[in-house]
Amino acid sequence: MGYALFTATSILNKQADKQPKIYNRGISGNKVFQLRERWEIDTLSFMPDVLSILIGVNDYWHTLNGSYKGTVEVYENDLRNLLRYTKEKLPKIQLVLCEPFVLTAGSAISDSAWFPMFDAYRTSLQKLTGEFDAVFVPFQSAFDEALKIAPTSYWAADGVHPDLPGRQLMAEVWMKATGL
């Protein structure tokens, strides 16, 4: 029951006359190379008109404990290759790239371990947004603004996995960015 569900219910309600079909194939904990391993079945087989991707936190987070040897360059190249492949298979697809985010003061976030390195992952995603004429969903700045209203513990206690208010915020930001 994440932001994708809240986003989907908004779209289904607002566009009932079009009877859209929405598929959520997100898996928590994935890195880009894991998306690629299941891309044919979980994505391309549905031949979507719009494809939204939120990836990047785990590509960095899992390097902190040594369980993954990826780098920002690996993240960017893997995601670029996945997007290029997707556009080859579905040339008319509208890509929506969601900014990976973390909330400082979350129980899983150590500012000294995460920053400034994690910022490079967001920069890479923005770069790819331009390369692929994708819609950019600014989750980090939305949460930065939300933290002026309520603390991290309200939005995402661990700083990574949003609680209900954080999920709703993400859905609203996604809807605004895409214009859907």
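Once a new chain begins, its residue numbering starts again from 1 and follows that chain's sequence as written. For this predicted model, a pLDDT threshold of at least 70 governs which residues receive local features, and a threshold of 80 or more governs which side-chain atom pairs are given and counted, while totals over whole chains, interfaces and linings are taken from all residues. Just so you know, side-chain values use all the structure's heavy atoms and leave hydrogens and water out.

### Side note on the sheet that holds strand E1 (residues 50–54)
Ordered by their spatial adjacency, 3 strands build an open sheet running E1-E2-E3, and the pairing between neighbours is parallel. A strand with exactly one partner marks an edge of an open sheet, and here the two such strands are E1 and strand E3 (135–137). Across this sheet, the average inter-strand angle for adjacent strands is 20 degrees, counted without regard to direction. Pairs of strands are assigned from DSSP output, requiring at least two bridges between the strands. Think of it this way: any DSSP run of H or I at least four residues long counts as a helix, any run of E at least two long counts as a strand, and we number them from the N terminus. Two strands pair when backbone bridges link them, and strand E2 (residues 94–98) and E3 are joined in this way by 3 bridges, in the parallel orientation. When the bridges of E3 are listed, cysteine 98 appears paired with valine 137. Whether two residues touch is decided by their heavy atoms; if any such pair falls within 4.5 Å, the residues are in contact. The axes are straight lines fitted to the C-alpha atoms, using for helices just the contacting stretch, and the angles between their N-to-C directions are given from 0 to 180°. Docked against the sheet, helix H10 (residues 164–178) engages E1, E2 and E3, running at close to 155 degrees with respect to E3.

### Some remarks on the nonpolar core
Take the buried residues of types Ala, Val, Leu, Ile, Met, Phe, Trp, Tyr and Cys, join any two whose side-chain atoms come within 4.5 Å, and each joined set is a nonpolar core. Three labels apply to residues, based on accessible area from a 1.4 Å probe with only protein chains included: buried if under 20% of the type maximum, exposed if over 50%, partly exposed otherwise in between. In this structure, Trp39, Ile53, Leu79 and Leu83 are the most contacted members of the largest nonpolar core, which totals 29 residues. Leaving out residues up to four positions away in the same chain, leucine 83 has contacts with Ile53, Leu95, Leu97, Leu128 and Phe132. Ranked by size, the runner-up nonpolar core spans 20 residues in total, among them Ile11, Val135, Phe143 and Met170.

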